[in-house]
Amino acid sequence: MPRTEFTIGGMTCASCAARIERKLNRIDGVEATVNYATEKAQVHFHSGADVSVNDLIAAVEATGYTAQPPTGAAADGDHDGREGDDGLTDLRRRLVLAVVLSVPVIALSMVPALQFPYWQPVSLVLATPVVGYAGAPFHRAAWTNLRHRAATMDTLISLGTSAAYAWSVWSLVTGGHIYLEAAAGVTAFVLAGRYAEARSKRKAGAALRALMELGAKEVTVLRDDGREQTVPAADVRVGDLFLVRPGEKIATDGTVVEGASAVDASMLTGESVPVEVVAGDPVTGATLNAGGRLVVRATRVGADTQLARMAKLVEDAQNGKAAAQRLADRISAVFVPAVLLLSLATLTGWLLATGDAAAAFTAAVAVLIIACPCALGLATPTALMVGTGRGAQLGILIKGPEVLENTRRADTIVLDKTGTVTTGTMALLAVHPADGVDEMETLRLAGALEHASEHPVARAIAAAAMRRTGGLPAVEDFANVPGRGVQGVVDGHAVLAGRESLLADWAIRLPEELVRAASAAEAAGSTAICVAWDGEARAVLEVADSVKDSSADAVARLRALGLRPILLTGDNKAVAETVAAAVGIDAEDVIAEVLPEDKAAVVRRLQSEGRTVAMAGDGVNDAAALATADLGLAMGTGTDAAMEAGDLTLVRGDLRAAADAIRLSRRTLATIKGNLFWAFAYNVAALPLAAAGLLTPMIAGAAMAFSSVFVVANSLRLRGFSPASGARS
């Protein structure tokens, strides 16, 4: 379903967002969600919808707000930053004025010893700029809403402060009691709350802005004539060759074509250990070249890079809404009219019961002020913004708010073997030399021969031999025997490496101890490579896809979270059970020899048994299963298809990040529920107190502002989330 996104201007509370959302959803063929905290609207178009972007903008503007489509992720970050600064500056200016002038008004009204002759007209002079200028945003928004026959939180604030001010002016003429301290004090308190909210919202979105600022700003491109040219990173195109010197950031995703170095990817993955790269290896934009000079060919630029896709996933999650927040939005949409009726009823009831106009007016204004449910509008989005932002810092990308509920309900986690529990690349596990054969000599000769081959098993042997011997001799007369192995001459020795059948072709038999070693390796799910030279079998090399060092710890942590781990693989049962035993998964929880297209069917079968299934995988063949699972965890070291299908993307290849992701998601969900409980309980408890005359308008304003600040501050506690896996933020 195609979609577009807008930046919305002029919203001041959750009711504003609800109004815009209702207006957009009345348009045929679209489905819209509007988020007050991020000031964004997401619109999904149904097939055949005859709606243009201009139609959507016109609908928003007809509601009394502004709309403009973002110009890209990076632009969004910059725009939001500037807009946030401008808004904060204006709010701060109004707040300072309101506080400076309100303090003497409140003091004169509440401390009789300070009251001098004509103190009341002086209070009026001081309060007028507070209500008129500092409170102008509330009055302006209320007037706009009135013209569109709507009421929002600003309507309550504007009515309450204006009524207190007007009553006070009238009282100065007639000699009655004035409420200028309420008019000025409430304006100051609400402005303080709005300023605190704006600052907190800006802090909550800081992770996304920091993510977008990770990338390189300039890059040295190599032109066809060999000259170097420095250009903005945004000007790099797919296929361009660019230079990365030691200490520089890699400008965009690409493939190394020249050079070797260590790349520090901690800013994206959380892994503190640099990754060694050579020609042919992929590299990711925004990572740091910590070693030698590299020449890289750009393979992805702009919105296609991993960094941009990470930022987009985070932003999409922050723009979404959980089911509980949708309920809060619906409540706030009808809450304001209900409060206006309650305020009118309070005024009427007090007048009928007591005949005291001043007491009746005080209670009615307090009802208007205390009722503003701004906290409801901030409960979910602020927690989402902080939680997803913190996750992004730790290499955990949460796709949407609905994901959070599934992390709480999940009771089973299916783990793909290759690339998730194991490294996904072959490694030399052991060398089994025959009697009297030197292990290092075996590695030197076999490694030199295999170095000439591109087979994954050959690369594993050659890499291990290079590390352990420090250098490999040249190979002569190299030949590949398809499906059997390789042969050649190394240092004057005729060397064979491959299956036992390859040695048999040369009438070479394995001695008994090597037959046992080969059988044991194959029983454990490894590949046995027989090595011979000069007409004699000399050793068996054991090669396998090795288990990640962190996988056993990850499985233990997933169990501690109440999840039952199941290993799913297309490999044979012996291999699968060996891996399962190494990481602590029971044999009865191993599902082996599954065809790629049948993985989703396995997930559906587990779901039909009443389980809520999480799935962790990294390959194209895992994408369908990830999408089928109640909760899909895509390893970020895997394919694009897997990342798109997952609900949570784990940028690190460390499975322990899955446990961290579930913990963070559950913590974020708990914060959202706590925020909503506080916001609902506050309004339910406070309205009767105000209607009963137990709260003055000024105290009501302070309490209402505190409610919003409390919700945002509670959400900001998520910034202190620490991963158990020790990833660096």
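Residues numbered from 1 in each chain as written. Predicted model: local features only at pLDDT ≥ 70, side-chain atom pairs only at ≥ 80, totals over all residues. Heavy atoms only, no water.

The following threshold applies: UniProt positions are given in the numbering used here, feature names are shortened, and annotations may be inferred rather than shown by experiment.
Labelled according to an unreviewed UniProt entry, the protein chain appears under the name Heavy metal translocating P-type ATPase, originating from Streptomyces chengmaiensis. UniProt, in the comment section headed Sequence similarities (unreviewed entry), describes the protein chain in these words: "Belongs to the cation transport ATPase (P-type) (TC 3.A.3) family. Type IB subfamily."

### Brief notes about the overall build of the protein chain
Selection rule: Under the scheme used here, helices are H or I runs from DSSP no shorter than 4 residues and strands are E runs no shorter than 2 residues, and both carry numbers assigned from the N terminus. The buried label applies to any residue whose accessible area, calculated with a 1.4 Å probe on protein chains only, is under 20% of its type's maximum; exposed applies above 50%, and partly exposed to all values in between. The contact criterion used is simple: two residues touch if any of their non-hydrogen atoms lie within 4.5 Å. We get accessible surface area from the Shrake-Rupley algorithm with a probe of 1.4 Å; when it comes to residues, only the shown protein chains can shield them.
The helix and strand inventory of the protein chain stands at 26 helices and 26 strands. Taken across its 729 residues, the protein chain has 52% of its residues classed as buried. Long-range pairs, those at least 24 residues apart, make up 69% of the contacts in the protein chain with a sequence separation of at least 6. About 30200 Å² of surface is accessible on the protein chain, with carbon and sulfur atoms providing 57% of the total.

### Quick word on the pairing of strand β15 (residues 412-416)
Definition in use: Any two strands with at least two DSSP-identified bridges between them are counted as paired.
Counting buried positions along β15 gives five out of five residues, so the element sits mostly inside the fold. Side chains of β15 alternate between two faces, with T412, V414 and D416 and I413 and L415 buried alike. The pairing of β15 with strand β24 (residues 613-617) spans four bridges and is parallel. Of the residues in β24, the one forming a bridge with T412 is V613.

### Here's the deal with the pattern of salt bridges
As a reminder of what qualifies: Take a side-chain nitrogen of Lys or Arg and a carboxyl oxygen of Asp or Glu: if they are within 4 Å of each other, that pair is a salt bridge.
Under the criterion given, the structure shown has 20 salt bridges. Measuring nitrogen to oxygen at the nearest pair gives 3.1 Å for the salt bridge that ties R93 to D90. Linking R93 with D90, this pair stays in helix α3 (residues 73-110), spanning three residues, or about one helical turn. Two residues, E439 and R468, come together in a salt bridge whose shortest N-O distance is 2.5 Å.

### A look at the UniProt feature "transmembrane region" (unreviewed entry) in the protein chain
UniProt records the feature "transmembrane region" (unreviewed entry) at residues 95-112, 176-196, 331-352, 358-380, 675-692 and 698-716, using the numbering of this structure. For the annotated span residues 95-112, helix accounts for 89% and strand for 0% of the residues, and the straight-line distance between the end C-alpha atoms is 26 Å. Between the C-alpha atoms that bound residues 675-692 the distance is 26 Å, and the span itself is 94% helix and 0% strand.

### Overview of the sheet that holds strand β5 (residues 218-222)
What holds strands together in a sheet is hydrogen bonding between their backbones, with the strands either parallel or antiparallel. Strands sit in the order β6-β5-β7-β13-β8-β11 across an open sheet of six strands; the sheet is antiparallel. Each edge of the open sheet carries a strand with a single partner, namely β6 (228-232) and β11 (282-283).

### With respect to the packing of helix α12 (residues 357-370) against helix α25 (residues 656-691)
What counts, and what does not: Every angle, taken between N-to-C directions, lies between 0 and 180 degrees, and every axis is a line fitted to C-alpha atoms, over only the stretch in contact when it is a helix. Here the word oblique covers every angle except those under 35 degrees (roughly parallel), over 145 (roughly antiparallel) and from 65 to 115 (roughly perpendicular). Crossings are assigned a handedness: left-handed for a near helix turned anticlockwise from the far helix by less than a right angle, right-handed for a clockwise turn. Under the scheme applied here, ten amino acids are nonpolar (Ala, Val, Leu, Ile, Met, Phe, Trp, Tyr, Cys and Pro), four are charged (Asp, Glu, Lys and Arg), and all others, including Gly, are polar.
Two elements in contact, α12 and α25, have axes whose closest approach is 8 Å; the angle formed by their N-to-C orientations is 170°. The angle between α12 and α25 places the two elements in the roughly antiparallel class. Regarding α12 and α25, the two cross each other, and that crossing is right-handed. Where α12 abuts α25, its residues A363, A366, V367 and I370 lie against Y682, N683, A686, L687, A690 and A691. The residue makeup of the contact of α12 with α25, split by class, is nine nonpolar, one polar and no charged.

### Observations concerning helix α20 (residues 551-560)
Operational definition: Our arc is simply the arc of the directions from the helix axis toward the C-beta atoms.
Of the residues making up α20, those classed as buried are S551, A554, V555 and L558. The arc that holds every buried residue of α20, seen down its axis, measures 100°, which confines them to one face. Those residues of α20 hidden inside the fold are in contact with β15, α15 (417-421), β21 (536-547), β22 (564-568), α21 (573-583) and α25. Downstream of α20 by one or two residues, G562 has phi in the positive range, about 90°.

### Quick word on the packing of helix α4 (residues 119-134) against helix α5 (residues 136-147)
Between α4 and α5, the least distance of the axes is 5 Å, while the angle of their chain directions is 45°. As judged from the angle between their axes, α4 and α5 are oblique. Here V131, G132, Y133 and A134 of α4 come into contact with α5, specifically with A136, P137 and H139. Residue composition of the contact of α4 with α5, grouped by class: five nonpolar, two polar and no charged.

### Quick look at the packing of aromatic side chains
Definition in use: Only centres within 6.5 Å qualify two rings of Phe, Tyr or Trp (six-membered ring in Trp) as a pair; their planes then separate them into stacked at under 30 degrees, edge-to-face at over 60, and tilted for everything else. Geometrically, a charge over a ring is one whose NZ (Lys) or CZ (Arg) sits within 6 Å of the ring centre while staying within 35 degrees of the ring normal.
Applying the stated criterion across every chain, the model contains two aromatic pairs. Where W167 meets F361, the ring centres are 4.9 Å apart and the plane angle is 15°; that geometry is what we call stacked. Of this pair, W167 sits in helix α6 (residues 153-174) while F361 sits in helix α12, and the two are 194 residues apart along the sequence. On the accessibility criterion, W167 (26% relative accessible area) is partly exposed. Against the face of Y133 rests R94, its NZ or CZ located 4.5 Å from the ring centre.

### Some thoughts on the side chain of S123
Positionally, S123 belongs in helix α4. The residues touching S123, leaving out its near neighbours within four places in the chain, are V105, L108 and L180.

### With respect to the sheet that holds strand β23 (residues 590-591)
Within the open sheet, the seven strands sit side by side as β14-β26-β25-β24-β15-β22-β23. Their pairing is mixed. Two strands lie at the open edges of the sheet, namely β14 (396-398) and β23, each paired on one side alone. As paired strands, strand β25 (residues 631-635) and strand β26 (residues 648-650) are joined by three bridges and run parallel to one another. What sits directly across from M635, in β26, is L650. In the packing of helix α22 (residues 599-608) onto the sheet, the strands contacted are β15, β22, β23 and β24, and the crossing angle to β24 comes to about 160°.

### Section: the environment of G87
Mapping G87 onto the fold places it in helix α3. Once the C-alpha coordinates of G87 and A198 are considered, the two residues, 111 residues apart in sequence, prove to be 8.0 Å apart.

### Concerning the nonpolar core
As a reminder of what qualifies: The criterion is simple. A nonpolar core is a set of buried Ala, Val, Leu, Ile, Met, Phe, Trp, Tyr and Cys residues joined through side-chain atoms within 4.5 Å.
Ranked by size, the top nonpolar core spans 46 residues in total, and within it L415, L558, L567, L633, L650 and L655 carry the most contacts. With nine residues, α25 is the single largest residue contributor to this core. Leave out the neighbours within four places in its chain, and L567 touches L415, K417, V421, A576, V579, A580, I585, D589, V590 and I591. One finds L449, A460, V490 and L496 within the second-largest nonpolar core, a separate group that totals 37 residues.

### Some thoughts on helix α19 (residues 512-523)
Worth spelling out the cut-off: To estimate the expected span of a helix, subtract one from its residue number and multiply by 1.5 Å.
The terminal C-alpha atoms of α19 lie 17 Å apart, and with twelve residues this matches the ideal 16 Å at 1.5 Å per residue to within 8%. Listing the buried residues of α19 in full gives L514, A517, A518 and A521. One face of α19 carries all of its buried residues, which in axial projection span an arc of 95°. Of the exposed residues in α19, the ones pointing more than 90 degrees away from its buried face are E512, R516 and A523. Turning to α19, the residues buried within the fold contact β16 (422-433), β20 (527-533) and β21. Downstream of α19 by one or two residues, G525 has phi in the positive range, about 90°.

### Re a nonpolar patch on the surface
Rules: Put simply, a patch holds well-exposed residues, over 30% relative accessible area, that have no salt bridge, with like charges counted together within 9 Å and Val, Leu, Ile, Met, Phe, Trp or Tyr side chains within 5 Å.
On the surface, M110, V111 and L114 cluster together to form a nonpolar patch covering roughly 270 Å² of accessible area. We classify M110 as exposed; its relative accessible area is 52%.

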